[in-house]
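# Overview (structure and organization)
If you want the building blocks of each chain, they are given just below.
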Amino acid sequence: MLADQIEEIFRKGLDAGQEGLHYINSTFSNPSIEDLEIIIRDESNCETDPLLELLFFPDESIQIQLEDLLKSQDFQKKDEKAVAEYLITRKPETTIHFWGTEDVLKLAVPFSAIVQFISRLNISRRPDKRITESISKFVRKKFRNLCRVKLRNSRFVSTENNVFFMCRFFEKIENENDDFFNGLGFVLHFLDGVRVDRDLFLFLMDKKRFYFKNLQRAETFETQLMKNNIETLMQQGLRAPPINKDEARQKIMMIDKISLGIFGKTDYFGPEHDRTDISMRE
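Residues numbered from 1 in each chain as written. Predicted model: local features only at pLDDT ≥ 70, side-chain atom pairs only at ≥ 80, totals over all residues. Heavy atoms only, no water.

## Some points on the pairing of strand S2 (residues 93-98)
The line we're drawing: Strands pair, by our definition, only if DSSP identifies at least two bridges between them. Helix and strand labels come from DSSP, where a helix needs a run of H or I of at least four residues and a strand needs a run of E of at least two; each type is numbered from the N terminus.
The pairing of strand S1 (residues 14-16) with S2 spans three bridges and is classified as parallel. Counterpart to aspartate 15 in the pairing with S2 is histidine 97. In terms of strand pairing, S2 meets strand S3 (residues 104-108) through five bridges, oriented antiparallel. Residue pairing in the sheet places threonine 94 in a bridge with leucine 107 of S3. Between S2 and the antiparallel strand that follows it, S3, lie five residues; glycine 100 among them carries a positive phi value of about 75°.

## Focus: the sheet that holds S3
Note the following rule: Every axis in this analysis is a line fitted to C-alpha atoms, fitted for helices over the stretch in contact. Angles between the N-to-C directions lie between 0 and 180 degrees. The contact rule is simple, with two residues in contact once any of their heavy atoms fall within 4.5 Å.
Overall, mixed pairing links the three strands, which are arranged S1-S2-S3 in an open sheet. Only two strands of the sheet have a single neighbouring strand rather than two, namely S1 and S3. Pairs of neighbouring strands in the sheet enclose a mean axial angle of 30°, with direction left out of account. On top of the sheet, helix H3 (residues 33-41) reaches S2 and S3; it is set at about 25° to S3, its chief contact.

## Some remarks on the pattern of salt bridges
Threshold: Salt bridge criterion: a side-chain nitrogen from Lys or Arg within 4 Å of a carboxyl oxygen from Asp or Glu. Buried residues are those whose accessible area, probed at 1.4 Å on protein chains only, stays under 20% of the maximum for their type, while exposed residues exceed 50% and partly exposed ones sit between those limits.
Following the criterion strictly, the structure yields 18 salt bridges and no others. Between glutamate 8 and arginine 11 there is a salt bridge, with the nearest N and O atoms lying 2.6 Å from each other. In this pair, glutamate 8 and arginine 11 both sit in helix H1 (residues 2-12), three residues apart, roughly one turn of the helix. Residue arginine 11 is classed as exposed on the basis of its relative accessible area of 57%.

## A closer look at H1
Here is the rule: In this description, one arc is meant: the one made by directions from the helix axis to the C-beta atoms.
Every buried residue belonging to H1 is among Leu2, Ala3, Ile6, Ile9 and Phe10, and all of these are buried. Along H1, the residues classed as buried sweep out an arc of 120° about the axis, all on the same side. Turned more than 90 degrees off the buried face of H1, the exposed positions are Arg11 and Lys12. In this fold, the buried residues of H1 make contact with S1, helix H5 (60-72), helix H6 (79-88), S2 and helix H7 (111-119). Two residues or fewer past H1, glycine 13 is found with a positive phi of approximately 105°.

## Description of helix H12 (residues 200-227)
Each full turn of the α-helix corresponds to 3.6 residues, which orients residues three or four apart in the same direction. To be explicit about the condition: Take the residue count of a helix, subtract one, and multiply by 1.5 Å to get its expected span. Between N or O atoms, a polar contact is any pair within 3.5 Å; within protein, one atom must be a potential hydrogen donor and the other a potential acceptor, and residues adjacent in sequence are included only when both atoms are from side chains.
Its 28 residues give H12 an end-to-end C-alpha distance of 41 Å, which sits within 8% of 40 Å, the value for a rise of 1.5 Å per residue. You can read the cap of H12 off the contacts: a side-chain oxygen lies 3.0 Å from the backbone nitrogen of phenylalanine 201, and it is on aspartate 199.

## Let's talk about the packing of aromatic side chains
So the rule is basically this: Stacked, tilted and edge-to-face pairs are distinguished by plane angle, under 30 degrees for stacked and over 60 for edge-to-face with tilted covering the rest, among Phe, Tyr and Trp rings (Trp via its six-membered ring) whose centres lie within 6.5 Å.
Under the criterion given, the structure shown has 13 aromatic pairs. Ring plane angle 65° and centroid distance 5.0 Å describe the contact between phenylalanine 10 and phenylalanine 117, whose orientation is recorded as edge-to-face. Linking phenylalanine 10 in helix H1 with phenylalanine 117 in helix H7, this pair joins segments that are 107 residues apart in sequence. For phenylalanine 10, a relative accessible area of 0% translates into the label buried.

Bear in mind that shape data such as this cannot, by itself, settle questions of function.
Below you can see the structure in the form of structure tokens.
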């Protein structure tokens, strides 16, 4: 069944998005469709594998189409090879559409592209049942498969604290707009750095403190820049902060929203915070 669905996806065609088209044009000097066909057939070309990976990368829109099947089955890592071998016997073909153009590349799907495509689906990755039940209970139906896909693509360890955190996130954070998925992306990246059970509230506040410090650094640097030119500041050992003020504020607000939703509290870091180090010197 999985091979059937993947073959149908190939049959309908794939899209090389704007970033994909930019990569192709910059790497291969604006190649024609005929040039791309030659590159793909040339197994000795070191650029062939990255090109195939780009063209056959299953993005979230593709993964969503397969999620209902994947969540209903208990696929193992070894099943990837079986699905790939089953697919190649069918000699699947596809068409690649390029963003902003009418160009279409028709080709037989190489076996290496099939293997990479299936590997990127993470078919053996099964999130903790408590988390998927929380998604089913609290997330709007139209968003559930996208949430499951993002979980399937994540690599955080399902410790008890992490599972509790994710379940509470889906229960308490309103899932009406892009802010929810921005928050989900932040949380999954945040938990990816947690390999053992620890106090996640304190860990989250450490993240907030990091962004707060960078916000202060950015504001201090801007104040200094009004009095001195950039060369003078660099000679004094002062450097621009690695994050801009708007991004830092957005992260702080996101952390507050998540922390208040999950833990019912957050920490305040004001100008008088005595542990805040706003030094910009290296």
